[in-house]
Amino acid sequence: MKKFAKWFLFAATALVVCGACDDKDNEEPAPAPDKISITPKTANVSSKGGEASVMVSSSGQWTLSDNTNDYVTPSALKGKDGDIVKFTVKPNDKEEDQTFSYTFTCGKATASYAITLKKRASQTEEQLEITFVPESNILPREGGNVSVLVTSSDEWTLEGSHTFVHPSATSGSDGAEVTFAVDPNETEEDKVADYVFKMGSKNVPFRITVKGGVIYTLEIVGEKELKFAYTKQEKIAVTLNTNVPYRDLAAEITSTEEGWLTKGVTVQGATETEVIMYFDMTQNDGFDPREASVKITGPKGGEDVLKIKQMPQSQISVEELSYYLETTGAVLEIPVKANVAFDVKLSESAGTWFAYNGFTDSKLKFTYQDLPEGTIRSCTATLTEKEPAAGAQPLTVVLMFSQKPKGMITTAVNMTGTRAWPAWNDPTPVTNMTAFTLEALVNPAAKKNNSILSTIMGIEGKFLVRLGDDYLSWNQIQVVWDSGSYDYYGRPVEGKLSNINMTVNANEWSHIAVTFGEKTIKVYVNGVEKGSSTTNVPSSVNFGIAHNDEQGTRITRCFWVGYSYEHARYFPGMMSELRIWNRVLTADELANATRRYGVDPKSEGLVTYWKCDEGQGNVIKDYTSYRNDLASDGLKWEPVSLP
């Protein structure tokens, strides 16, 4: 029974605690406190009457006490935050000041407002008085305005003249308001302007004081408009000549794009008046330039403005670099996307048959003439950036134009940045091959670093045809294979065949053939044998390994076109007429230039034939009966005319 009582007490206590927690969690937030304020809080109005205005700031709806009288009429008795209330005041018909008090209310909050209507001048005795807000006649060094109300029983005049003070009137009658416009004080000493209001025997002095002080100056030394390249910039130094303490300087950056330019540290320079302010700039990855205005100021004076412009990376983008022209003359328009101005220069071979007609509507305009029968001709147009960023080489783009009768090959695949592979619908003809020939027409469009390979076709670590390697030129052909031997650490050693004669040129079509058979490997370039090897050549090569993406820890290498080991080893240009034969083609066959541009798909020993002539899509058809098409990561097709 005691245990049950203890348990019941514990449960009840828990319920109470939890209940309290729930109540607290469910409490509605306390309402915001009522707030109201007005600007200004008082006003003086001339005896002639006039207007006084008040701006109301409130947390909600407000009301105005209805202080009904014969002199003042408010424009509104209720309203909302930000309203301006105008009080229209009639002339004073009494010889004494009259004060009218009002209360603005928002909820429980109130704000008081008082209007003083200045008295009418005495009608029985001589009277001259002036009224102004206390200490409003003591101005900071920046100057400003001072308003004075005049009460007079007759016409009055104002005596006194100072070059830095400009009164709105020098004479008037009862109820006049005189505004003194005061210029800034550009000296270190206070400036004083004494005036006297006069009427009959009455004289009322009035003094205006403009405070003096240190005159702060600030000037940017050197160029005030800076231009930078697109790359990241750190510690851009801006030198200032100023007497403002460097710790007090501020920089206000204004730009349509925020965050790319930021202020860094500010330090004292080599002299008392030299200050260095640093800025940092992020890289401009956009297509357009960006600009910022930097206003550098001191808290008590001194200001200068710096303009900073950062260019984007120069871009002159043309979809196609090579153009094969019809034999009949025509107009050629080439779309160009560019963020820089550029010049266009034709090669001498353009002669009079090819002409440049300008760049309008984002298009280059060319015309060319009819091709004389039995001839071929070509030329180039070089696009060169006009005004590169300081220290940068101008961007250039070279367009190639060829005019000749239509060739056997009119389309090629551009393998730049992509790859292709066979799924081996029928791997039989390429499995454990004891003799074969690999062929390809290639046109590398760009140079790579010598240490970065460019793959043509094959299997990494088994049998591969590629360009470049460590200590080899980027355009030197190299064939590598599994030698069957291992090094000291048990790693497989590759057999390699390459020499300086096995080279291809950029932006030029070359035919490459590699033969394998009877433990001999040979390389041909444009039908000419360039080298051979019999060292550690295997008896067979298996290209028919099932395709995989070569990812993970246990990798099985397989056959690729334009890829091996990693994506950086793509082929940077165009390919056509890729073939695998199950026999060694003879030197005479390979010397036949015509067969480089097309063969019969039913030719003896031809086991894959990827012509690369689809012109669209992401599949390269195998024209042999085995139908081992190439799939891809995405292909780009280009018009060509070969031969």
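Draft legend 1. Expanded view of the packing of aromatic side chains. Counted according to the given criterion, the structure contains 28 aromatic pairs. On the basis of an interplanar angle of 80° and a centroid distance of 5.8 Å, the ring pair of Phe-463 and Phe-516 is categorised as edge-to-face. Note that Phe-463 is positioned in strand β40 (residues 463–469) and Phe-516 in strand β43 (residues 510–517), a separation of 53 residues in sequence. Each member of the pair Phe-463 and Phe-516 is classed as buried. Joined through ring pairs, the aromatic side chains of Trp-424, Phe-436, Phe-463, Phe-516, Phe-543, Phe-559 and Trp-610 make up one cluster. We note Lys-611 situated over the ring of Tyr-623; from NZ or CZ to the ring centre the distance is 5.9 Å.

Draft legend 2. Spotlight on the nonpolar core. In this structure, Ile-456, Phe-463 and Phe-543 are the most contacted members of the largest nonpolar core, which totals 44 residues. Of all the secondary-structure elements, those providing two or more residues to this core are β38 (435–444), β39 (454–459), β40, β41 (472–486), β43, β44 (520–525), β47 (573–581) and β48 (606–610). Setting aside its immediate chain neighbours within four residues, Phe-543 contacts Trp-424, Val-430, Met-433, Phe-436, Leu-438, Gly-458, Ile-459, Phe-463 and Phe-559. Counting residues in each nonpolar core, the second largest holds 23 residues, with Tyr-71, Phe-104, Ala-111 and Ile-115 among its members.

Draft legend 3. How the structure looks around the sheet that holds strand β9 (residues 109–117). Ordered in space as β2-β9-β8-β4-β6, the five strands form an open sheet in which the pairing is mixed. Of all strands in the sheet, those bounded by a partner on one side alone are β2 (42–45) and β6 (78–79). Both strand β4 (residues 62–64) and strand β8 (residues 98–106) contribute to a ladder of two bridges, which runs antiparallel. What sits directly across from Leu-64, in β8, is Phe-104.

Criteria and thresholds
Residues numbered from 1 in each chain as written. Predicted model: local features only at pLDDT ≥ 70, side-chain atom pairs only at ≥ 80, totals over all residues. Heavy atoms only, no water. Phe/Tyr/Trp six-rings, centres within 6.5 Å; stacked < 30°, edge-to-face > 60°. Helix = DSSP H or I, 4+ residues; strand = E, 2+ residues; numbered from the N terminus. Buried < 20%, exposed > 50% of the residue type's maximum accessible area, 1.4 Å probe, protein only. Lys NZ or Arg CZ within 6 Å of the ring centre and 35° of its normal. Core = buried A, V, L, I, M, F, W, Y, C linked by side-chain atoms within 4.5 Å. Contact = heavy atoms within 4.5 Å. Pairing = 2+ DSSP bridges.

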